[in-house]
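Remarks on the overall topology
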Amino acid sequence: MKRHTIIAAVLAVSIAACAQNLRHETTLATGWRFTHTDMADQAKSEFDDALWERVAVPHDWAIAGPFDNNNDRQTVAIEQNGETIPSEKTGRTGSLPWTGVGWYRVHFKVNPKTAHAIINFDGAMSEPEVYINGRKAGEWKYGYNAFNIDATDFVNRDGSDNVLAVRLRNLAESSRWYPGAGLYRPVTLIQTGAAAVKPWGLNCYTESIDGNMAVLKAEADIYNEQGHLLSAEFRLLRGTKVVASASDLVKSDGKVYATLGVSNPRLWSPESPELYDLEVRVYDLANVKRVLCDVVTRRIGIRTVSYTAEHGFQLNGHTRKFKGVCLHHDLGMIGAAVNKAALVRQVELLKAMGCDAIRTAHNMPSQLQMDVCDSLGMMVMAESFDMWQYPKCRNGYNRFYADWWERDLTNLVMANRLHPSIVMWSVGNEIPEQGGREGTQMLVKMQDLMHRLDPTRLCTTGMDRWDNVITSGFADAIDIVGLNYRTHKYHGAYERLHQKFLLGSETASTVSSRGVYHFPVVRADGKRYDDGQCSSYDLEACSWSNIPEDDWVLQDDFDYVIGEFVWTGFDYLGEPTPYDDRQNARSSYFGIFDLAGLPKDRYYLYRSRWNTTGETIHLLPHWTWPGREGEVTPVFCYTNYPTAELFVNGKSQGRITKKTDVRQKADGGRTMQADEPLIDRYRLRWNDVKYEPGELRVVVYDADGKKRGEAVRHTAGAPHHIVLEPQTLDEYHQHATLKADGEDMMFFTVSVVDSEGNLCPEADNKIAIGVEGAAVFRGICNGDATSFEVFTNPEMHVFKGQLVVGIQSDGTRGRITVTVTSDGLPKAVCSTKAR
């Protein structure tokens, strides 16, 4: 009897502990210290870090600069660009000081009754070594991957402090673009009881959608070292309403499964990104009365994805073609340090263009980015690697591939499989091994792993050596044939491959600089100018790439092409092709938006095609050309309408119509001349206009000849004043206010204009920024790829009359005042609030 009493008492204590140990997830954002010094005792708890820099995480240690051509100066031959002789590349990785060693330290406490303590890193650049209270708790190698450190056996659970220390190392020549440096993604402490859902242990996918019923399959992996009888209840909620539920006992291996039937489901799509909350409750049934031990809630979407020869790509049973862009992970002025508001701004700008998909080139995405894509409606190709065993740069991922590829791909899937936005995985980009049998065997192993981890999504890879991938069997082995450029190879690919559909996994690589126009206007590859810029007439590309029309004609005229991912949505730090050997070029020219997030002319070209609900009428170039009077100055109009008439100071330059009957060149090759008629299928061009100051006006007409709108440009006068405008995003910044959370950001466009409000297109005034109240200055960028002015100083020259400023909440509520000044111009002031 006494023995039974003791057992009952122990059981009661265990159940009570379970009830008290509900999950607690804490983002470790503040209280961090950082240094570049590198000593072994920096991991010890008692180490004095008082002199280290105070930072908040996410943090990019390199973004403050200074820019210097000697930062990661590389002498290489870029095989992907067809180079065979090594040459010096000064800005290949952004000319910022991202190499070297960095240490981070933070103090934290753990609940004494915590049974499991996990520290989740969404990414750490790079080769992180993690120490807890002076002991090494784990490591990872790949800087782009999320990973978990089981801290349970390393933490103090007596209420005393714990010290988390992280050592990071970035080797020179370990990247082909700017990777950032440091703890650039969130770090989260997860505490749970003994019976709890494991990290990344929850999964749910849509098995079918039939009429007004969707069937979801859910599963959970649960800690249960005590061997108790556990159950799990799955609840699907729309707001506060439970729309489906199911329960079952947890199996001996910790797994539990459920089927959820959802009536009248609201389906996720880019046009309607409907989300549900999936809640899992874990109960201990060791007593007569069940005891709640853990609650986990994750957002999911109901949708189906398929790829077939008959229907191409289908989302929710409807065929569509990807209107996608490739994105590197840096966020311009704030570098690689991930920020939700900056990501929201990026996605909102892309969606306004009509873009519906992102390729996370060429690396694993952040959870914040995927959350934003889920909520705003942006499909995703989640990519993994830029290289396997064969190096593209001397110290790249090739050093780790053999030992780490399986762990890295596993984490990619496990961390991201719940995101409805992800519609395919990519296991590589332009992998050198693609041309050999060994590479095919490597591909099959990786793809098989992805299928086991996630049977609901297919895999792709960006291929650029077409003849080799045919003979090696590489292209036959992949689920989704992804072709980078090589438009002249599309037809042959379709004929030879069993898949009978293909994706433009990387397209265009047209180069341009916002507001820059060079004459004469020519179609050119690798064109270089003394100013280090590229012309915004959108007719310049690289030897291996093309202008947009070469991709569009294939997508429009052939059903087997399922869409494209344009290189790139935004300019990014590094890879300043065609100026990668120029002393002061440090960022790319490929973007549809510049590095500041301001649209180039090319934005309107893509918008005129992709945005099927809005009107696009855009004229280029600007109309302020002192010294060009009487000279030929071609004028282009990017519009979704078929016909337009151009006027210069009221004089008609002719009414023209797009040549919709023009087809691809007979040899399937690239457009190489500015006068080729294919260009006129998508653009309206007046190539013989002679410049005279005054007014440039275009009037557009629909297919019935009805006037639908117009656009006007005026010759600008001298700089007169500054316009300061907040970039409001209705989905996130209601009424142009900041959230008083210490993380939210707001962006402002600064424009130098004449007395009539016309943008001064050649203005280069130096601007100074002041921020007062409940926010701080975060960054500044003018989009000039040749500027070495740092982003973290509150002053910069405008480029072509404009720049962008970012401010960030300081965590308090109240009024915020942003002031812009420039010598010789009246100041501009804008006020907002943090709520």
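Calculation rules
Residues numbered from 1 in each chain as written. Predicted model: local features only at pLDDT ≥ 70, side-chain atom pairs only at ≥ 80, totals over all residues. Heavy atoms only, no water. Helix = DSSP H or I, 4+ residues; strand = E, 2+ residues; numbered from the N terminus. Rg over C-alpha atoms; globule rule 2.2 N^0.38 Å. Areas by Shrake-Rupley, 256 points an atom, 1.4 Å probe, with all protein chains shown as cover. Axes fitted to C-alpha atoms, helices over the stretch in contact; angles between N-to-C directions. Parallel < 35°, antiparallel > 145°, perpendicular 65-115°, else oblique. Left-handed = near helix turned anticlockwise from the far one by under 90°. Contact = heavy atoms within 4.5 Å. Nonpolar A, V, L, I, M, F, W, Y, C, P; charged D, E, K, R; others polar. Buried < 20%, exposed > 50% of the residue type's maximum accessible area, 1.4 Å probe, protein only. Pairing = 2+ DSSP bridges. Phe/Tyr/Trp six-rings, centres within 6.5 Å; stacked < 30°, edge-to-face > 60°. Lys NZ or Arg CZ within 6 Å of the ring centre and 35° of its normal. pLDDT = per-residue confidence, 0-100.

Describing the overall build of the protein
- Helix and strand counts for the protein come out as 10 helices and 47 strands.
- Against the globule reference of 28 Å for 835 residues, the protein gives a C-alpha radius of gyration of 28 Å, in line with a compact fold.
- Expressed along its principal axes, the backbone C-alpha trace of the protein runs to roughly 110 × 60 × 55 Å.
- By element, 48% of the accessible surface of the protein is carried by carbon and sulfur atoms, the whole surface being about 31300 Å².

Some details on the packing of helix α2 (residues 340-353) against helix α3 (residues 367-376)
- At a minimum axis separation of 10 Å, α2 and α3 run at an interaxial angle of 45 degrees. When the axis of α2 is compared with that of α3, the two are oblique. Helix-helix and strand crossings are classified by hand; for α2 and α3 the assignment is right-handed. Along the contact surface, α2 presents Lys-340, Leu-343, Val-344, Val-347, Glu-348 and Lys-351, while α3 presents Leu-368, Gln-369, Val-372, Cys-373 and Leu-376.
- Of the residues in the contact of α2 with α3, the class split is 7 nonpolar, 1 polar and 3 charged.

Thoughts on the pairing of strand β41 (residues 745-753)
- In terms of burial, β41 is largely enclosed, as 9 of its 9 residues are buried.
- By the alternation rule, side chains of β41 split into Met-745, Phe-747, Thr-749, Ser-751 and Val-753 and Met-746, Phe-748, Val-750 and Val-752, which are all buried.
- Alignment of strand β40 (residues 721-726) against β41, held across 6 bridges, turns out to be antiparallel. Paired with Val-723 across the two strands is Ser-751, which belongs to β41.

Brief notes about the environment of Thr-30
- The residue Thr-30 is located in the loop between β1 (24-27) and β2 (32-35) in this model.
- Taking the C-alpha atoms as reference, Thr-30 lies 41 Å from Trp-610; in sequence the two are 580 residues apart.

Concerning the packing of aromatic side chains
- According to the stated counting rule, one finds 42 aromatic pairs in the structure shown.
- With centroids separated by 5.6 Å and ring planes inclined at 55 degrees, the aromatic side chains of Phe-47 and Trp-52 adopt a geometry described as tilted. Each member of the pair, Phe-47 together with Trp-52, is buried.
- Grouped by ring-pair contacts, the aromatic residues Tyr-142, Tyr-144, Phe-385, Trp-388, Tyr-397, Phe-400, Tyr-401, Trp-405 and Phe-474 constitute a single cluster.
- The lysine or arginine in question, Arg-628, covers the ring of Phe-519, its NZ or CZ lying 3.7 Å from the ring centre.

Some points on the confidence of the model for the protein
- Put simply, the protein has an average pLDDT of 94, and 96% of its residues get 70 or more.
- In the model, residues 730-735 has pLDDT below 50 throughout and makes 12 contacts with residues more than four positions away in sequence or in other chains.

A look at the sheet that holds strand β17 (residues 255-263)
- Here we have 3 strands laid out as an open sheet, ordered β13-β14-β17, and antiparallel in their pairing. Of all the strands in the sheet, the pair left with one neighbour each is β13 (195-210) and β17. With strand direction ignored, the average angle separating the axes of adjacent strands in the sheet is 20 degrees.
- Summarising the sheet, strand β14 (residues 213-224) and β17 pair through 9 bridges and their orientation is antiparallel. Looking at the pairing, Met-213 lines up with Ser-263 of β17.

A word on the environment of Leu-620
- Relative to the helices and strands, Leu-620 resides in strand β33 (residues 617-620).
- The exposure class of Leu-620 is buried, given its relative accessible area of 0%.
- Measuring from C-alpha to C-alpha, the distance between Leu-620 and Val-55 comes to 44 Å, with 565 residues separating the pair along the chain.
- Residue contacts for Leu-620: discarding those within four places in its chain leaves Tyr-517, Ser-536, Tyr-537, Asp-601, Pro-634, Val-635, Phe-636, Tyr-638 and Arg-713.

Thoughts on unusual backbone geometry
- Cis peptide bonds are those with omega within 30 degrees of zero, and the linkage from Val-57 to Pro-58 qualifies with 15 degrees.
- The residue Pro-58 is located in the loop between β3 (53-55) and β4 (74-76) in this model.
- The omega torsion across Ala-361 and His-362 is -10 degrees, close enough to zero to call that bond cis.
- Secondary-structure assignment places His-362 in the loop between β24 (357-360) and α3.
- Although it is not a glycine, Asn-264 sits at a positive phi angle of roughly 50 degrees.

A short note on the packing of α2 against helix α10 (residues 601-610)
- It is the contact of α2 with α10, at a shortest axis distance of 7 Å, that shows an interaxial angle of 60 degrees. The pairing of α2 with α10 is recorded here as oblique in orientation. Contacts from Leu-349, Ala-352 and Met-353 in α2 reach Tyr-603, Tyr-606, Arg-607 and Trp-610 in α10.
- Residue composition of the contact of α2 with α10, by class: 6 nonpolar, no polar and 1 charged.

Things to note about the sheet that holds strand β20 (residues 305-308)
- Read from one edge to the other, the open sheet built from 3 strands follows the order β20-β21-β22, with strand pairing classed as antiparallel. Across the chains shown, the open sheet's two edge strands, defined by having one partner strand only, are β20 and β22 (318-319).
- Bridge analysis of β20 against strand β21 (residues 312-315) gives 4 bridges, and the strand direction is antiparallel. Residue pairing for β21: Thr-308 is matched across the bridge by Gly-312.

Let's talk about the pairing of β14
- In this structure, β13 lies alongside β14, joined through 11 bridges in antiparallel fashion. Counted as the bridge partner of Leu-202 is Ala-220 from β14.
- The loop that links β13 with its antiparallel partner β14 comprises 2 residues; one of these, Gly-211, has a positive phi angle of about 65 degrees.

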